[in-house]
Amino acid sequence: MTKVLKTILLAHGSGGSHSRRLVEELFASAFANPLLAPLNDQAVFSPPSGRLAFTTDSYVVKPIFFPGGDIGKLAVCGTINDLAVGGAEPLYLSASFIIEEGLPMDELERVVASMARTALDAGVMIVTGDTKVVERGKGDKLFINTAGIGKVGGSLDLAPSKIRAGDVVIVSGTMGDHGIAILTHREGIRMETPVESDCAPLHTLVRAVLDAAPSGVRAMRDPTRGGLATVLNEFAASSGLAISVREDDIPVKDAVRGACEILGFDPLYLANEGKLIAVVSKESAEAVLEAMRSHPYGRDAAVTGVVEEAPKGKVLIETSIGNRRILDMLSGEQLPRIC
Amino acid sequence: MRYVDEFRKREEAQGLLRKIREISQREVSIMEICGTHTHSISKYGVREALPPNIRLISGPGCPVCVTSAADVNRLLDFSRSRRDVVMATFGDMMKVPGSASSLQEEKAGGGDIRVVYSPLGALDIAGEDPSREVVLLAVGFETTAPTVAATMLAARENGLRNLSVLSLHKLTPPAMRALMDAGEMDIDGFICPGHVTAIIGAGAYGFLASEYGSPCVVAGFEPIDAIMGIYMLVRQLEEGRKEIEIEYDRVVTWNGNLKAQEVMNRVFEPADSLWRGIGNIPGSGLRIRNEFSDMDAEKRFSIPPGEDAEPKGCKCGSVLKGLITPEACPLFAKACTPEFPIGPCMVSSEGTCAAFFKYRRAA
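For every chain, the first residue of the written sequence is number 1, and numbering continues from 1 along that sequence. Each chain is given a letter, starting from A, and each ligand a number, starting from 1, according to the order in which they appear as written. Whole-chain, interface and lining totals are the exception, using all residues; otherwise, since this is a predicted model, local features are given only for residues with pLDDT of at least 70 and side-chain atom pairs are given and counted only at 80 or more. Side-chain figures throughout are based on the complete set of non-hydrogen atoms in the structure, without hydrogens or water.

Peer 1: Describe the overall build of chain B, naming the residues involved and giving the relevant values.
Peer 2: The helix count covers DSSP runs of H or I at least four residues long, the strand count covers runs of E at least two residues long, and both are numbered beginning at the N terminus. The number of helices and strands found in chain B is 16 helices and 11 strands. All radius of gyration figures rest on C-alpha atoms, and the globule criterion is 2.2 Å times the number of residues raised to 0.38. A compact globule built from 363 residues would reach a C-alpha radius of gyration of about 21 Å, and chain B, at 20 Å, matches this within 12%. Out of the 363 residues belonging to chain B, those deemed buried represent 59%. Contacts are assigned to residue pairs with any non-hydrogen atoms lying within 4.5 Å of each other. Taking as baseline every contact in chain B between residues at least 6 positions apart, the subset at least 24 positions apart corresponds to 76%. Surface accessibility of chain B: about 14300 Å² in total, with carbon and sulfur atoms responsible for 50%. In chain B, 41 side chains carry a positive charge and 47 a negative one; their mean positions are 2 Å apart. Note on exposure labels: buried denotes an accessible area under 20% of the residue type's maximum, exposed denotes more than 50%, and partly exposed covers the range between, all computed with a 1.4 Å probe on protein chains only. Here the Shrake-Rupley method, with its probe set to 1.4 Å, supplies the accessible areas, and only the displayed protein chains count as covering residues. Neither His nor the chain termini are counted; the positive set is Lys and Arg, and the negative set is Asp and Glu. By convention, the charge on Lys lies at NZ, on Arg at CZ, on Asp at CG and on Glu at CD.

Spelled out as structure tokens, the structure:
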């Protein structure tokens, strides 16, 4: 675009000529697709056959650029993942930007380019959007909301209520990467091996899992805020069954463990942005594990636990020294503005 | 991961637990003073793995928890009255409830309250904008005090004039003496804190053995350290010995870290201090020496004392003294949870109630 202005002004959200130019020259050209091109107040399309999935999420991560990603990539991946874990194939996204006056134009351009690249790679279209600007000091650089529509195939019905005793819990990779990447970057903690966010779109991994075990997958989640421990507790509570995991079987990068030791965090409660937790039948565990490990986002996949009859609604963990204890939901130690 | 994995080995841990069961005959009550031990023992399920005749009692070793209600209210009042001042605090303090609010609520109400991971974080904040007054809320034991002192010395060296410190530090040995003098409960021996002792030296507990007949073992915080510490203490008790032993000998010495002590003593001097649940303990706090009074927030802003009112129904005081376990408090896991804490022991990750809530309920 022609870079007349180097920073975002209140005028960019006025609806007038500055707004128009921002939309046409930045957003429309980056996200270019036939549904967005008319630049109407809405995108018009024919619904695909079958059932639809619909979701929304807002992204306020601080800082907006971090190792392994940025707020734009996160906003696209996060909403794709919310669709994908329900078994939906993501199709269309909306993108709304709340920008703080004074945001350097090149930072906005980098975020938008990152969103466009992520959407293109993932095969989804950003088909509608909105831009608002708030006065300096009334926002923090940039907030993004995305909503997404996806198609749910056949009679697929993934739900924690489908979980049965004897099922197996599989995680698609190492836990806590995103949380530690944001935290160490934000606090300026330099590490020997820097940790990158795992931010990634998971719909192709989900597809591979469903193809490998069409009727064996009970429920899936992406463990974002609250981490693995919170997802497992939700599964246990919804199914009325117990989940038993072994600490030694949960993949965690050494650098993440090290940072957790120093900062007093537990990787099992840290946010992930590119990981999948799947509960599958015992018979399909092998096939699902193999499918995950053959996928670039699932190389470190591991079986980490089993579903048992009792104690109902609880998650138990066998610690590395061999004693068992309860693994509770996240309480109290959240990191603010992690996504 | 080196220095960690070797202290979390299953076979070794289970082997030590077996040895404890073999030698343990007597009913004994052991107090782990330090909140980090309470956390580690709970996290690794050590309490449940011990024979029933060994009772572990959690002591007053969580710095946020022992900070008196009066001091909590004092800093909340200060935050309300001086919105222009930046308050730098460790994260654990944010949620501690005072009579009318918490720091987290004061922040939402417009206070500029920032979480730092080390005292040096406050130095950075002060350096960024020399026109803003920055007050570091210095809550902690002998582990924290030297780094706060070093931060103050660095501020002075760099000519920073906008940083001051509200010293709410507490000292460990005087509190242990106060617990023994109070005589409210039978403590047969102590597991002493590894990191505090790395600073003050194991010799600081000599009086417990010689005056009170209580054996002590200084232990590290990895699960095998804690289990080994318990084993060594049980062995002393079974053999009738009353000694100060060091399990955590890769870090702890008899005399401690003399350099850290020197820095701490240059800036601070012992003073009486009010502990939650225990009351005033002579010589158990640290006040800033006159030579550094320009960096003493208490004097610089003439911060008045706060109301000394415990939250209604809260039994943190009794928990801190080891008189009751958290489950005996009627508020525990009902009105008082980590999400909506009533007392400080439920707030801090080192707090006994938080550890019991997170790791022990219905396990």
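Now, onward.
Peer 1: If you had to explain the packing of aromatic side chains to someone new, which residues and values would you point to?
Peer 2: We call Phe, Tyr and Trp rings a pair once their centres come within 6.5 Å, taking the six-membered ring for Trp, and we label the pair stacked below 30 degrees between planes, edge-to-face above 60, and tilted otherwise. With the rule as written, the count across this model stands at 8 aromatic pairs over all chains. With 4.3 Å between their ring centres and 40° between their planes, A:Phe45 and A:Tyr92 make a pair best called tilted. One end of the pair, A:Phe45, is in the loop between helix H1 (17-31) and strand E1 (51-59); the other, A:Tyr92, is in strand E4 (residues 88-100), and 47 residues separate them in sequence. Residue A:Phe45 is classed as partly exposed on the basis of its relative accessible area, which comes to 30%. Note on B:Phe221 and B:Tyr248: the rings are 6.4 Å apart at their centroids and 70° apart in plane angle, and the pair reads as edge-to-face. Here the residue B:Phe221 occupies a position in the loop between strand E8 (216-219) and helix H12 (223-239), and B:Tyr248 occupies one in the loop between strand E9 (244-246) and helix H13 (258-267), the gap between them amounting to 27 residues. Each member of the aromatic cluster is reached from another via a ring pair, and the members are A:Phe27, A:Phe31 and A:Phe97. Whether a charge sits over a ring depends on NZ of Lys or CZ of Arg being within 6 Å of the ring centre and within 35 degrees of the ring normal. The positively charged end of A:Arg110 is found above the aromatic ring belonging to A:Phe65, 3.9 Å away from the centroid. The side chain of B:Lys170 reaches across the aromatic face of B:Trp275, ending 6.0 Å from its centre.

Peer 1: Would you mind going over the domain arrangement of chain B in detail, with residue names and values included?
Peer 2: Residue and element names in this part refer to chain B. The split of the chain into domains comes from an automatic or database domain assignment. Looking at the assigned domains, one finds that chain B contains domain 1 (1-314) and domain 2 (315-358). A C-alpha centroid distance of 17 Å is found between domain 1 and domain 2. Each partner contributes residues to the interface: domain 1 has 31 residues there, and domain 2 has 24 residues. For any pair of parts, buried area is found by adding up, for both, the accessible area (1.4 Å probe) each one loses once the two are put together. Summed over both sides, the interface of domain 1 with domain 2 buries roughly 2300 Å², with 63% coming from carbon and sulfur. Salt bridge criterion: a side-chain nitrogen from Lys or Arg within 4 Å of a carboxyl oxygen from Asp or Glu. Summed over the shared surface of domain 1 and domain 2, the number is 1 salt bridge.

Peer 1: Explain the interface of chain B and chain A residue by residue, including any values.
Peer 2: With 28 residues of chain B at the contact, the number on the chain A side is 26 residues. Of the roughly 2300 Å² buried where chain B meets chain A, counting both sides, 49% is carbon and sulfur surface. On the surface where chain B and chain A come into contact, there are 3 salt bridges. Among the ionic pairs, B:Lys43 bridges to A:Asp266, the shortest N-O distance being 3.9 Å. Mapped by element, the contributors of at least two residues to the side of chain B that touches chain A are helix H1 (10-23), helix H2 (35-43), helix H3 (46-49), H12 and helix H16 (352-359) of chain B. Residues are grouped as follows: nonpolar covers Ala, Val, Leu, Ile, Met, Phe, Trp, Tyr, Cys and Pro; charged covers Asp, Glu, Lys and Arg; every other residue, Gly included, is treated as polar. The class makeup of the residues in the side of chain B that touches chain A is 15 nonpolar, 3 polar and 10 charged.

Peer 1: Kindly report on the domain arrangement of chain A, identifying the contributing residues and their values.
Peer 2: Residues and elements named next belong to chain A. What the domain assignment lists for chain A is domain 1 (10-152) and domain 2 (160-326). Distance from the C-alpha centre of domain 1 to the C-alpha centre of domain 2: 28 Å. Taken together, the contacts link 18 residues of domain 1 with 20 residues of domain 2. Among the residues of domain 1 in contact with domain 2, Pro67, Asn81 and Val85 are the three that bury the most area, contributing 33% of the side total. On the surface where domain 1 and domain 2 come into contact, there are 0 salt bridges. Looking at the side of domain 1 that touches domain 2, the elements that each hand over two or more residues are strand E2 (65-66) and helix H2 (71-84). No other element matches H2, which puts 7 residues into the side of domain 1 that touches domain 2.

Peer 1: I'd like a rundown of the sheet that holds strand E1 (residues 28-32) of chain B, residues and numbers included.
Peer 2: Residue and element names in this part refer to chain B. Taken in spatial order, the 5 strands line up as E2-E1-E7-E8-E9 in an open sheet, and their pairing is parallel. Of all the strands in the sheet, the pair left with one neighbour each is strand E2 (54-58) and E9. The average undirected angle you get between the axes of adjacent strands in this sheet is 25°. A pair of strands is labelled paired if DSSP reports no fewer than 2 bridges between them. Here E1 pairs with strand E7 (residues 189-193) via 3 bridges, running parallel. For helices, the fitted axis covers only the stretch in contact; all axes are lines through C-alpha atoms, and the angles between them, taken along N-to-C directions, range from 0 to 180 degrees.

Peer 1: Lay out the packing of H2(B) against H16(B) with the relevant residues and their values.
Peer 2: A packed helix pair is summarised by two numbers, namely the angle formed by the two axes and the spacing between the axes. All names here are of chain B. Their axes nearest at 9 Å, the elements H2 and H16 cross at an angle of 10°. As summarised for this structure, H2 and H16 are arranged roughly parallel, according to the angle between their axes. On the side of H2, the interface is formed by Thr38, His39, Ser42 and Lys43, while H16 contributes Thr352, Ala355 and Tyr359. Considered class by class, the residues forming the contact of H2 with H16 number 2 nonpolar, 4 polar and 1 charged. Note on angle classes: values under 35 degrees are labelled roughly parallel, values over 145 roughly antiparallel, values of 65 to 115 roughly perpendicular, and the remainder oblique.

Peer 1: Residues and numbers for the pairing of E1(B), please.
Peer 2: Residues and elements named next belong to chain B. Here E1 lies mainly inside the structure; 5 of its 5 residues are buried. Taken together, the 5 bridges between E1 and E2 define a ladder with parallel strand orientation. Each residue of the ladder has a partner; that of valine 28, found in E2, is isoleucine 54.

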